[in-house]
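# Overview (structure and organization)
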Amino acid sequence: MPVLATKLFIPQLRPHAVPRPRLIEKLNEGLRSGRKLTLVAAPAGFGKTTLLSEWIADAQHRDPALMVAWLSLDESDNEPSRFLAYLLSAVNHADPTLGVEAPSDQPTGMTATLTTLINEFSQASQHILLVLDDFQFIEDPSLLGAVVFLLDHLPAKLHLVIISRSDPLLPVARLRAGGELTELRAADLRFTPDEAATFLNQMMHLGLSSAEITALETRTEGWIAGLQLAALSLRERTDVSGFIQGFTGSNRFVIDYLVEEVLQRQPAHIRDFLLHTAILDRLSGPLCDAVTELTGSSEILASLERDNLFVVPLDDRRQWYRYHHLFADMLRARLAGDGPALPARLHTLASVWLEQNGLAEDAVTHALAAADFERAARLIELAVPMVRQSRQDATLLRWLTLLPRDVITRHPVLGVYYAWSSLVSGDLQAAQSRLVDAEHALAATTADGAPAHDSVLSEELRTLPVTIAVYRAALAQARGDVGAMREHASQALDLTQPGDHLGRGAAAGFLGLASWAAGDLDDGVRAFGEVQTSLRLAGNLADALGTTIPSADMLISQGRLRQARRAYEQAVRLAGEQGDPPPLSTGDLHVGLSELLRELGDLPAASEHLATSEALGDRSNSRENRYRWYVAMARIRQAEGHPDVAIDLLGEAERHYLRGFFPEVRPIPAMKARVWIAQGRLNEALAWADEHGLSAGAESAAVDLSYLREFDHLTLARLLIAQLKTPEALRLLDRLLDAAETGRRSTTEILILQALAHGAHGDTALALAPLARALAQAEPEGYVRLFVDEGAAMAALLREAATRGIAPNYVRRLLRDIRPTDGRPGGIQTLTEPLSERELHVLRLLASELSGPDIARELYISLNTLRTHTKHIFTKLEVNSRPAAVRRADSLGLL
Amino acid sequence: MSDAPRMPHPPADLVSYEIRLQGRLDDRWGTWFDGFQLSAGSDGTTTLTGPVTDQAALHGLLRRIGDLGVTLISINATLPSNGDFDE
């Protein structure tokens, strides 16, 4: 995005400004006492900006190291990405050593970038003033939220100044109550009689009597713009008292009276110049020449500045100016009063010049103001690639809403873009109908066979049919219609021309997603391979590397861990070779690799990759994959024996999860349920099952066992096993096994659960068959956590397998990672009524060779008390003999 | 529900507003203020009268008034002919 330097220009101290020590002292006091915010809120013409430039000069005189970042806002800054880009430019402009970078190719969260900024500022050695001028334009809630965030986390050295014509939509009252606000309002800013006297007599040399000064001060109520206009009218006037009498005796609105006076005193050509150029937000000599269709505008602007006629320079070189807002409004109102034809003509002249001089955005604004919609549509079409690249979607959308519908319909390129905007904002119906309109417009021809639409011939137009089909696939995805998604994506692929790598990549991507969601993992992996190739050919390495993530997810579902690991390692290596800054997906790749390494049992390396991803920062982690970091961390913490921490992290993952990017094959609520089951918190797990329509009976043939629900169903199987509902669990697992085999997916986890189900039922012999199969297919791929996470119950089965000579080396490796406490608390809680600490102690002694009286002695209790404990234990374990209790406790992993 | 203050939702083309401002504004401001009629009061105030499409238009208008630094005295919605605001 081109940054206009004029917006970062700190207004210079005006030569004839009245010194205002009482206000400067108030501002300095605010800075000294470390208040967070200075708010200067007053209508136009109260000298807000002038006061601030005087204060800055004064403050920099006192503290030469003080840095000042200034940002003049306007209506178009009401867009997060644009605002942020300018904010960072202003800060970097003030201190180039900070070097905070704007997120370039991805809409990173505002807070993320602000956090970077805040961290940079907290290390700064000098004080920084950040001034946001004309803040009244900012109304976007996310922008206002960002400013609140900044205020809440404001580093000590940073001070925020907001200049606004109206009170900003910020929690001003809270800051005021907390003593964190310095406020200057109209009542503070208006000229006191003394200041009015200084201005009129010392600055403007008018030599007025004190009565005359009082009369002017009273009539204008100390309003500085009014006094300034009065002074301009009085200059070179002989009949001073006549003017003052006329002015104070009139009840006309102050500036109506005074502007009339001032304009009347200008030569005709200057008056016309002022009126005609008032339509411009920024004025330069050449631009004014174009609008007035005259020459010599640069000289006129310079003389206006000299004469103090309400032009404000916007740079040091006097190339760009603007009129004072109030004056511009006055002039525009006068111009509008003479009918719409002249303003429209002036806007068109401005638009033409701006287009020729590469100021595309302003050219569009003026074409729209001229109601020259054809011109506007053409300019917008040309600006689409630029605006989209800088992600100013809101700007584009604002323009499109100003165009009449028939103009958009005649420009299919705009119609398709409009459809995309609707899709992103969730208005699927509007998106659909706009795509239909665009398609009709594209297909229509005139009598002689030429296209009937008005879109300019461009790359965008040439590839539009592909774009439409791709957006249709996106629409289908948003509706959850996998079949239609696949259909439109295939159509898009058929329509692509050779060399349209981006089009091919997008189409193959949707095909891949459709296959993935349907569980056709071979097709999915193949499709994403093609996406990767196409994106690399299109020169988009960051997104090409990003395709490793869906590919690896599918490979892992197929049990191909080694291949997934190779893919990640290769991608991480390639990303690392790209230098600084690393490609966008680098952080995501480290997270993926971390998850794989965790499964392979290397927790330290897995943690390290998460740390690397975190250190890379938000710019290297895409928004849609951010939740994965929390998932990966949760599972590491769980493996380390901290299930409660894991639950918290999964909650965090839920907050970062963005629906609609990838099929939800591993729902976070189910992951939480798995932790609860392992902890024995079956009530929570049962509530989860209820909420997701999963209850006993899911094993019945009528229930949908598609790939998308496999994770849920495997979680349900764990719950059934924990509830000792062995037959139900086994029936469900049998059907899941069939489905997985048909879909050519990994069956290892299902076999493990079959073994556990039998084991929980005490059927060790039956458990060993599926366990042996699971071990045989898991060993070559190096699975560890899939077994180890099942804790003591799995350990018992593995030991049994080893004694029978089943994969003894592999089993030894697995047993090494099962800590003795694993699964124990879970075991207790799978009982309807959990055992107390005391009862557990008794139970462990029952498993020993000790006799009853020996145990009682050991515990310093009577034999009767021991009998009471034992009875409770038997009831809770649903057994009626000591050997049965010991067997049952063993199978539950309680010993 | 009966006593709760309710936002009037009259049909858009029937809403008219009267905005009173301090000072006498020139007639030419009418175009600037979205086609409002200006009338000068004997008390040195100006009343803007005109139709407002919706609340957003009204707030835009108020902002224009604020930008000029004119003092706002009062603002009234004038009732449509049938006098019923809620239907």
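Residues numbered from 1 in each chain as written. Chains lettered and ligands numbered in written order. Predicted model: local features only at pLDDT ≥ 70, side-chain atom pairs only at ≥ 80, totals over all residues. Heavy atoms only, no water.

## A word on the pairing of strand 2 (residues 67-72) of chain A
Heads up, the condition is: Throughout, exposure labels follow a simple rule: accessible area from a 1.4 Å probe, protein chains only, divided by the maximum for the residue type, with under 20% read as buried, over 50% as exposed, and the rest as partly exposed. A run of H or I in DSSP becomes a helix once it reaches four residues, and a run of E becomes a strand once it reaches two; helices and strands are each numbered from the N terminus.
Buried residues dominate strand 2 of chain A, accounting for six of its six residues. Of the two faces of strand 2 of chain A, both are covered, the one formed by Met 67, Ala 69 and Leu 71 of chain A as well as the one formed by Val 68, Trp 70 and Ser 72 of chain A.

## Topic: the nonpolar core
Residue and element names in this part refer to chain A. Condition: Buried Ala, Val, Leu, Ile, Met, Phe, Trp, Tyr and Cys residues that are joined via side-chain atoms within 4.5 Å together make up what is termed a nonpolar core. By definition in these notes, contact holds between two residues if any of their heavy atoms fall within 4.5 Å.
By size, the foremost hydrophobic cluster in this structure holds 127 residues, and its most contacted members are Leu 771, Leu 775 and Phe 787. The element best represented in this core is helix 25 (residues 464-479), accounting for 10 residues. Dropping the residues within four chain positions of it, Leu 775 is found in contact with Phe 787, Leu 798, Ala 801, Ile 806, Ala 807, Tyr 810, Val 811 and Leu 814.

## Here we look at the confidence of the model for chain B
Low pLDDT means the predicted coordinates in that region are not meant to be read closely. Residue and element names in this part refer to chain B. Threshold: pLDDT is defined as a per-residue confidence score from the predictor, taking values between 0 and 100.
Scored by pLDDT, chain B comes out at a mean of 73, with 74% of its residues at no less than 70. Here helix 1 (residues 29-32) is the element of chain B with the lowest mean pLDDT, 79, and strand 1 (residues 16-22) is the one with the highest, 90. Segment residues 1-12 is flagged for pLDDT under 50; beyond a separation of four residues in sequence, or across chains, it makes nine contacts in the model. Under a pLDDT of 50 for its full length, residues 81-87 has, in the predicted model, eight contacts with residues more than four places off or in other chains. We note a pTM of 0.63 for the whole complex and an ipTM of 0.71 for its interfaces.

## A short note on the interface of chain B and chain A
Quick reminder of the rule: By convention, the term buried area covers the 1.4 Å-probe accessible surface removed from two parts as they join, with the contributions of both added. Criterion for a salt bridge: a side-chain nitrogen of Lys or Arg within 4 Å of a carboxyl oxygen of Asp or Glu.
If you look at the interface, chain B gives 15 residues, while chain A gives 20 residues. In total, about 1,700 Å² of surface goes out of reach between chain B and chain A, with carbon and sulfur atoms giving 53% of it. Scanning the region where chain B abuts chain A turns up two salt bridges. Between Arg 63 of chain B and Glu 139 of chain A there is a salt bridge, with its nearest N and O atoms 3.3 Å apart.

## Concerning the sheet that holds strand 1 of chain B
Residue and element names in this part refer to chain B. Short version of the rule: DSSP calls a pair of strands paired once it identifies at least 2 bridges connecting them. For helices, the axis comes from a line fit to the C-alpha atoms of the stretch in contact; other axes are also lines fit to C-alpha atoms, and the angle between any two N-to-C directions lies between 0 and 180 degrees.
Ordered in space as 2-3-1-4, the four strands form an open sheet in which the pairing is antiparallel. With partners counted over all chains shown, the strands left at the sheet margins are strand 2 (37-40) and strand 4 (72-78), one partner each. Strand after strand, the sheet turns through a mean of 20 degrees between neighbouring axes, direction not considered. The pairing of strand 2 with strand 3 (residues 45-51) spans four bridges and is classified as antiparallel. Across the sheet, residue Leu 38 finds its bridge partner in strand 3, namely Leu 48. Lying on the sheet, helix 2 (residues 55-67) is in contact with strand 1, strand 3 and strand 4; it crosses strand 1 at an angle near 15 degrees.

## What to know about the sheet that holds strand 2 of chain A
Residues and elements named next belong to chain A. Here five strands make up an open sheet; going across it, the order is 2-3-4-1-5 and the pairing parallel. Each end of this open sheet is capped by a strand with a single partner; those strands are strand 2 and strand 5 (181-185). Between one strand axis and the next, the sheet turns through 15 degrees on average, direction left out of account. Note that strand 3 (residues 128-133) and strand 4 (residues 158-164) share five bridges and pair parallel. By the bridge assignment, Ile 128 is partnered in strand 4 with Leu 158. Sheet strands in contact with helix 1 (residues 21-32) are strand 1 (37-41), strand 3, strand 4 and strand 5, and its direction is about 160 degrees off that of strand 5.

## Regarding unusual backbone geometry
Positioned with a positive phi, Arg 318 of chain A is a non-glycine residue whose angle comes to about 55 degrees. Within the secondary structure, Arg 318 of chain A is located in the loop between strand 6 (311-313) and strand 7 (321-323).

## Thoughts on the pairing of strand 4 of chain A
All names here are of chain A. Let me state the cut-off plainly: Look down the strands so they point away from you; if going from the first strand over the helix to the second traces a clockwise path, that crossover is right-handed.
Judged by how many residues are buried, strand 4 sits mostly within the fold: seven of seven residues are covered. Residues Leu 158, Leu 160, Ile 162 and Ser 164 point to one face of strand 4 and His 159, Val 161 and Ile 163 to the other, with burial holding for every one of them. The pairing of strand 1 with strand 4 spans five bridges and is parallel. Paired with Ala 41 across the strands is Ser 164, a residue of strand 4. Handedness of the strand 3-helix 5 (residues 141-152)-strand 4 crossover: right-handed.

## Comments concerning the packing of helix 34 (residues 626-639) of chain A against helix 35 (residues 643-656) of chain A
Residues and elements named next belong to chain A. To keep it simple, the criterion reads: An angle counts as roughly parallel when it lies under 35 degrees, as roughly antiparallel when it exceeds 145, as roughly perpendicular when it falls between 65 and 115, and as oblique in every other case. Amino acids are sorted into nonpolar (Ala, Val, Leu, Ile, Met, Phe, Trp, Tyr, Cys and Pro), charged (Asp, Glu, Lys and Arg) and polar (every other residue, Gly among them).
Across the interface, helix 34 lies against helix 35 with an axial gap of 8 Å and an inter-helix angle of 170 degrees. Considering the angle they form, helix 34 stands roughly antiparallel to helix 35. Residues Arg 626, Tyr 627, Tyr 630, Val 631, Met 633, Ala 634, Arg 637 and Gln 638 of helix 34 pack against Val 645, Ala 646, Leu 649, Leu 650, Glu 652, Ala 653 and His 656 of helix 35. Looking at side-chain class alone, the contact of helix 34 with helix 35 contains 10 nonpolar, two polar and three charged residues.

## Examining the environment of Gln 55 of chain B
How we decide: In protein, a polar contact means a hydrogen-donor-capable atom and an acceptor-capable atom, both N or O and within 3.5 Å, with residues adjacent in sequence counting only if both atoms are side-chain atoms; elsewhere, any N or O pair within 3.5 Å suffices.
Mapped onto the elements, Gln 55 of chain B comes out in helix 2. A polar atom in the side chain of Gln 55 of chain B sits 3.3 Å from the side chain of Tyr 17 of chain B.

## Details of the packing of aromatic side chains
All names here are of chain A. Keep this limit in mind: For Phe, Tyr and Trp, where Trp contributes only its six-membered ring, two rings pair if their centres lie within 6.5 Å, and the inter-plane angle classes them as stacked under 30 degrees, edge-to-face over 60, or tilted in between. Only Lys NZ and Arg CZ are tested; either one counts as a charge over a ring when it is within 6 Å of the ring centre and within 35 degrees of the ring normal.
In this structure the tally under the stated criterion is 12 aromatic pairs over all chains. Ring centres of Trp 516 and Phe 662 lie 5.6 Å apart, and the angle between their planes is 45 degrees; this geometry places the pair in the tilted category. Taken together, the residues span a long stretch of sequence, with Trp 516 in helix 27 (residues 501-518) and Phe 662 in the loop between helix 35 and helix 36 (668-679) at a distance of 146 residues. Using a relative accessible area of 21% as the deciding quantity, one classes Phe 662 as partly exposed. Aromatic side chains Trp 629 and Tyr 630 sit 5.2 Å apart centroid to centroid with 75 degrees between the ring planes, which places their arrangement in the edge-to-face category. Looking at Trp 629, the relative accessible area reads 14%, which means it is buried. Under the relative-accessibility criterion, Tyr 630 is labelled buried at 19%. The structure contains a cluster of three or more aromatic residues connected by ring pairs, namely Phe 243, Phe 247 and Tyr 257. Positioned above the aromatic ring of Trp 320 is the side chain of Arg 282, whose terminal nitrogen or guanidinium carbon lies 4.3 Å from the ring centre.

## Observations concerning the packing of helix 30 (residues 548-557) of chain A against helix 31 (residues 561-576) of chain A
The angle between the axes and the distance between the axes are what describe a pair of packed helices. Residues and elements named next belong to chain A. Our working definition: By the definition used in this description, the sense in which the near helix is turned from the far one sets the handedness, with an anticlockwise turn below a right angle giving left-handed and a clockwise turn giving right-handed.
Remark: helix 30 packs on helix 31, axes separated minimally by 8 Å, with the N-to-C direction vectors making an angle of 165 degrees. Taken together, helix 30 and helix 31 sit at an angle that is classed as roughly antiparallel. With respect to the hand of their crossing, helix 30 and helix 31 are arranged in left-handed fashion. Residues Thr 548, Ile 549, Ala 552, Leu 555 and Ile 556 of helix 30 pack against Leu 561, Gln 563, Ala 564, Ala 567, Tyr 568 and Ala 571 of helix 31.

## Remarks on the side chain of Ser 551 of chain A
All names here are of chain A. Mapped onto the elements, Ser 551 comes out in helix 30. Judged by its relative accessible area of 14%, Ser 551 is buried. Excluding residues within four positions of it along the chain, Ser 551 makes contact with Val 525 and Phe 528.

## Quick look at helix 11 (residues 240-249) of chain A
Since one α-helical turn is 3.6 residues long, residues separated by three or four positions face the same way. All names here are of chain A. Applicable threshold: Working definition: the arc comes from the directions between the helix axis and the C-beta atoms, pointing outward to the latter.
Among the residues of helix 11, Val 240, Phe 243, Ile 244 and Phe 247 are the ones counted as buried. Projected down its long axis, helix 11 carries its buried residues within an arc of 95 degrees, all on one side. Opposite the buried face of helix 11, at more than 90 degrees from it, the exposed residues are Gln 245 and Gly 249. In this structure, the buried residues of helix 11 make contact with helix 9 (210-220), helix 10 (224-234) and helix 12 (254-264).

## Some words on helix 2 of chain B
Note the cut-off: One less than the residue count of a helix, multiplied by 1.5 Å, gives the span that helix is expected to have.
Between the first and last C-alpha of helix 2 of chain B there are 18 Å, a value that for 13 residues agrees with the 18 Å anticipated at 1.5 Å per step. What helix 2 of chain B keeps buried is the set Leu 58, Leu 61, Ile 65 and Asp 67 of chain B. Packed against the buried residues of helix 2 of chain B are helix 16 (325-337) of chain A together with strand 1, strand 3 and strand 4 of chain B. Between the side-chain oxygen at the start of helix 2 of chain B and the backbone nitrogen of Ala 57 of chain B there is a gap of 2.9 Å, and the oxygen is on Asp 54 of chain B. Gly 69 of chain B lies just past helix 2 of chain B and shows a positive phi near 75 degrees.

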